[in-house]
Amino acid sequence: MSTLVTVRQTTTTTTSTTTAINTNNNMTTTNGQISMHSYGITPPITMKGPDPSDIIATDDLEESLRSYDYFESDAELALRVDVMSKLDGLVQKWIRDVSIAKNIPIETADTVTGRVHTFGSYRLGVHSKGGDIDTLLIAPRHIDRTDFFTTFIEVLRRQPEVCDLRAIEDAFVPVIKLTFDGIELDILFARLALSTIPSTFDLKDDKILLNLDQRCVRSLNGSRVADEILNLVPNRETFKSTLRAIKLWAKKNGLYSNALGFFGGVTWAMLVARICQLYPNAVAATLVHKFFTVYSLWEWPTPVLLKPINDPQYGFSVWDSKVNAFDRHHLMPVITPAYPQQNSTHNVTRSTQKIIVQEIKRGLNIVNKIISSKGEWKELFTGISFIERYKHYIILLLSAPDQNQYLEWSGLVEAKIRLLIANLEKNMYIEIAHVNSDKYTPNESVFQNQQQTNSASTKDDSSNTKSSTTNDTPQSTKSPSSTTNPSSTFSGMWIVGLQFATASKCKLDLTNEICTFLNVVYRTAANSNMNRENIDLDARYVRQRDLHTVLPKDVVATSSQSPRLSKTASIDDKSETNTNLHLKRPKLDSTSSEPGSIPDSDSESTAKRVKLELINESSPKTSESDHTTE
């Protein structure tokens, strides 16, 4: 699996036989010969079909997925179809109205159409109950992006079924987000060099990308990739069944988030598709087993490819680690099959790679037991509680008085968290910085306690009173700001677990890492003209034993019922058990004038310097002295 082999996309192996039984969609029979078509860049590992035990295991897997309320009812599926039909009607009317407004004759405008495509999980047929629909609006050449973000938004705003409407025009892939009749939609926009978009239009044709700008190409990419994936698997239904299981496993284990440095939905889809290519006649249970077997042995950064990379030289860069220096730094490349081919995992960091690899190996152990009838599928879908993984955490808190303002800032913070992780990883004493893929709503008491802490801190600073190093209150990097009523705010919280490398004695100062992250968020917000009024963005250090004071009660209760990592597999204990590292409560000193602090425009959120002292308690003398100070 460690060698990249570039061969033809589809190969054919022909063997002579006296009888021909065509039971698979990747086999054809001609004149007494069986032709076996393989998918991908290599031939299949095996063409073997399922045993009776494999079919039973697959039935059990499907039943387990149903127990998690994964599938939608017929009524819920019909609602999605109805929403997409209504959206298509709005798009066609909008294109006609804009065409007339741009002096196109009415008789011509009546013939001008656009198209609405879906992509992502919904297009692949593996969306879960309550999931969103990724949508692409394709418009003719006289409809531009400005129209999309002005007049089309107004059309949506007038619909009684629409709520939570917001535009993110400056995103890497510009998008309109909304909820339509209870269904969340993400709508992208692309304009093609055509006078109208016919119903026979083929998105897979690379020539449609000629003379398009990068934003349109990126918007089209999602639909083009989804269509390619479906065309590159031997059996679509088996692929879907397998992908549903892998997606549920990834979500339950906190591995499902491209923005946070893990794998997104399209990456998991491509990984499963490659396994389907290697085992074209296997059923879902077997493919899940092979998924964990193959990727537990995969020698990263060998790329995962569904087809050879093809560059028609239309002016767009394609992934090539031999040519592009930046591509050589990708840790776990999984390459999209549609031109221009890109790495879908460029956000993966050193920490997230370790976590993904470890969880895949842990998943293999579980599936091995299931296949040998010594376990159940529900064990695969029971994740390890995040608050049990580590001893030390940083929490990010965001609050805003308005829901739309909160949603906008929440999206920005989540898009930038990986930069905080990257900065933390540069610290030689931090082995893993792991952001939880779940976002929580913190207790109201968190903000009330912070106001009290900030008030006390201000008094201490003004009187030059030295802060106690034994204070067990979670420490913050934020000074007092405008006070808000917690009950009237919208708030969210992200949690970052920290695993420290073995050290005899060291002092960690994470203020610069945190301040750099905050600066990026505030600077991006300023460049995007986002409303900053009454926004509270805070970063704090919290010990594991104190997490219950900030987490919602239902999360704490659920975590107590989750399985725990064994001593041999524990992420945190593996490096800290031998050295018994102890994190002393930091002393916080005001450092608004020091490098890395918030800019002057953010003086109301002056940063606090966080000093973390790690002591190796293996020495009785050191341990004794530490106990006397606590």
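Along every chain, residues carry numbers that run from 1 in the direction the sequence is written. pLDDT decides what is reported in this predicted model: residues at 70 or higher carry local features, side-chain atom pairs at 80 or more are listed and counted, and totals for whole chains, interfaces and linings draw on all residues regardless. Just so you know, side-chain values use all the structure's heavy atoms and leave hydrogens and water out.

A. Looking closely at the nonpolar core. The biggest cluster of nonpolar side chains holds 125 residues, and the ones touching the most others in it are Phe239, Trp249, Trp268, Phe291, Phe292, Tyr295 and Leu380. In DSSP terms, a helix is any run of H or I states spanning at least four residues, a strand is any run of E spanning at least two, and both are numbered starting from the N terminus. With nine residues, the single largest contributor to this core is helix α9 (residues 265–278). Throughout, a residue-residue contact means that at least one pair of heavy atoms, one from each residue, lies within 4.5 Å. Sequence-distant contacts of Trp249, defined by excluding residues within four places in its chain, comprise Leu255, Trp268, Phe291, Phe292, Glu359, Ile360, Gly363, Leu380 and Phe381. Throughout, nonpolar core names a set of buried Ala, Val, Leu, Ile, Met, Phe, Trp, Tyr and Cys residues whose side chains join them through atoms within 4.5 Å. Only protein chains enter the accessibility calculation, which uses a 1.4 Å probe; a residue is then buried when its area is under 20% of its type maximum, exposed when over 50%, and partly exposed in between. By size, the runner-up hydrophobic cluster in this structure holds 29 residues, among which are Val91, Phe149, Ile176 and Leu178.

B. Main features of the UniProt feature "binding site: ATP" (unreviewed entry) in the chain. Within the UniProt annotation, "binding site: ATP" (unreviewed entry) is assigned to Phe119, Gly120, Ser121, Asp132, Ile133, Asp134, Asp186, Lys247, Tyr256, Gly265 and Val266. Along the chain, the position of Ile133 falls in strand β5 (residues 133–139). Those residues in contact with Ile133, other than ones at most four positions away along the chain, are Arg80, Met84, Thr118, Tyr122, Ile183, Glu184, Leu185 and Asp186. Mapped onto the secondary structure, Tyr256 falls in the loop between α8 (236–252) and α9. The exposure class of Tyr256 is partly exposed, given its relative accessible area of 22%. Beyond its immediate stretch of four places on either side in the chain, Tyr256 contacts Ser121, Lys247, Ala250, Lys251, Phe262, Phe263, Gly265 and Trp268. UniProt positions are given in the numbering used here, feature names are shortened, and annotations may be inferred rather than shown by experiment.

C. Structural view of the sheet that holds strand β7 (residues 175–180). We call two strands paired when DSSP finds no fewer than two bridges between them. If you trace the five strands from one edge of the open sheet to the other, you get β4-β5-β8-β7-β6, paired in mixed fashion. Edge strands, defined here as strands with exactly one partner in the open sheet, are β4 (115–119) and β6 (162–168). Strand-to-strand twist in this sheet, taken as the mean axis angle between neighbours without regard to direction, amounts to 25°. Structural elements are reduced to axes, namely lines fitted to C-alpha atoms, with helices fitted over the stretch in contact, and the angle between N-to-C directions of any two is expressed from 0 to 180 degrees. Packing of helix α2 (residues 74–101) onto the sheet brings it into contact with β4, β5, β7 and β8 (183–191), and relative to β8 it is tilted by some 35°. On the sheet, helix α7 (residues 214–231) packs against β4, β5 and β8 and is oriented at approximately 120° with respect to β8.

D. Examining unusual backbone geometry more closely. With an omega of 15°, the peptide bond between Trp300 and Pro301 qualifies as cis. Inspection of the secondary structure assignment puts Pro301 in the loop between α10 (284–296) and α11 (350–371). Cis peptide bonds are those with omega within 30 degrees of zero, and the linkage from Tyr339 to Pro340 qualifies with -5°. Counting through the fold element by element, Pro340 comes out in the loop between α10 and α11. At Asn211, a position not held by glycine, the phi torsion is positive, near 70°. Within the element layout of this structure, Asn211 appears in the loop between β8 and α7. With a relative accessible area of 80%, Asn211 lands in the exposed category. Positive phi is not limited to glycine here, since Asn529 has a value of about 55°. Along the chain, Asn529 turns up in the loop between α15 (511–527) and β14 (536–543). A relative accessible area of 70% places Asn529 in the exposed class.

E. Spotlight on the confidence of the model for the chain. Looking at any residue, its pLDDT shows the predictor's confidence there, from 0 to 100. Mean pLDDT over the chain stands at 80; residues scoring 70 or higher make up 74%. Least confident of the elements in the chain is strand β16 (residues 588–590), whose mean pLDDT is 30; most confident is α10, at 98. In this model, residues 1–25 is a region of pLDDT below 50 whose contacts with residues beyond four sequence positions or in other chains number 54 contacts.

F. Representation of the pairing of strand β12 (residues 490–500) within the structure. Burial within β12 is extensive, with ten of its eleven residues counted as buried. With nine bridges joining them, strand β9 (residues 392–400) and β12 adopt antiparallel strand pairing. If you follow Tyr393 over to β12, its bridge partner there is Gly497. Bridge analysis of strand β10 (residues 430–435) against β12 gives five bridges, and the strand direction is antiparallel. Bridge assignment links Ile430 to a residue of β12, and that residue is Phe500.

G. Seen up close, the packing of α10 against α11. Axis separation between α10 and α11 bottoms out at 9 Å; the angle between their running directions is 145°. Two packed elements cross with a definite hand, and for α10 against α11 that hand is left-handed. Contact residues: Ala285, Val288, His289, Phe292, Thr293, Tyr295 and Ser296 in α10; Ile360, Lys361, Gly363, Leu364, Val367, Asn368 and Ile371 in α11. Crossing handedness follows the turn of the near helix against the far one: under a right angle anticlockwise gives a left-handed crossing, and clockwise gives a right-handed one.

H. Representation of α15 in the model. The span you would expect from a helix comes to 1.5 Å times its residue count less one. A rise of 1.5 Å per residue sets the reference length of α15, with its 17 residues, at 24 Å; its end C-alpha atoms lie 24 Å apart and thus fit the reference within 8%. Among the residues making up α15, those that are buried are Thr511, Glu513, Ile514, Cys515, Phe517, Leu518, Asn519, Val520, Val521, Tyr522 and Ala525. Phi turns positive, to about 55°, at Asn529, one or two residues after α15.

I. Looking closely at the packing of aromatic side chains. Any Phe, Tyr or Trp ring, taking Trp's six-membered ring, that has another such ring centre within 6.5 Å forms a pair; planes under 30 degrees apart are called stacked, those over 60 apart edge-to-face, and the others tilted. Scanning the entire structure with this criterion turns up 21 aromatic pairs. Between Trp249 and Trp268, the ring centres sit 5.6 Å apart and the planes meet at 85°, which makes this aromatic pair edge-to-face. One end of the pair, Trp249, is in helix α8; the other, Trp268, is in helix α9, and 19 residues separate them in sequence. With respect to burial, Trp249 and Trp268 carry one shared label: buried. Linked through ring pairs, Trp249, Phe263, Trp268, Phe291, Phe292, Tyr295, Trp298 and Trp300 together constitute an aromatic cluster.

J. Up close: the packing of α8 against α10. Look at α8 against α10: their axes get within 9 Å of each other, and the N-to-C directions meet at 50°. In terms of orientation, α8 and α10 fall into the oblique class. Viewed along their axes, α8 and α10 form a crossing whose handedness is right-handed. In this structure, α8 contributes Thr238, Ser241, Thr242, Ala245, Ile246 and Trp249 to the contact, and α10 contributes Ala284, Leu287, Val288, Phe291 and Phe292. Three categories are distinguished: nonpolar for Ala, Val, Leu, Ile, Met, Phe, Trp, Tyr, Cys and Pro, charged for Asp, Glu, Lys and Arg, and polar for the others, with Gly belonging to the last. Classifying every residue of the contact of α8 with α10 by side-chain character gives eight nonpolar, three polar and no charged. An angle below 35 degrees is read as roughly parallel, one above 145 as roughly antiparallel, one from 65 to 115 as roughly perpendicular, and any other as oblique.

K. Summary view of the side chain of Asp227. On the secondary structure map, Asp227 appears in helix α7. In this structure the side chain of Asp227 is engaged in a polar contact, spanning 2.9 Å, whose partner is the side chain of Arg123. When residues no more than four places from it in sequence are discounted, the contact partners of Asp227 are Arg123, Leu203 and Lys204. Under this definition, polar contacts are N or O atom pairs within 3.5 Å; protein pairs additionally need one hydrogen-donor-capable and one acceptor-capable atom, and for neighbouring residues in sequence, both atoms have to be side-chain atoms.

L. Geometry of the environment of Asp88. When you line up the elements, Asp88 lands in helix α2. The class for Asp88 is partly exposed, based on a relative accessible area of 30%. Taking the C-alpha atoms as reference points, Asp88 and Gly114, separated by 26 residues in sequence, lie 8.7 Å from one another.

M. Geometry of α2. Its 28 residues place the ends of α2 41 Å apart at the C-alpha level, agreeing with the 40 Å of an ideal helix rising 1.5 Å per residue. Of the positions making up α2, those classed as buried are Arg80, Val83, Met84, Leu87, Leu90, Val91, Trp94, Ile95, Val98 and Ser99. Backbone geometry just downstream of α2 places Asn103 in the positive-phi region, at approximately 65°.

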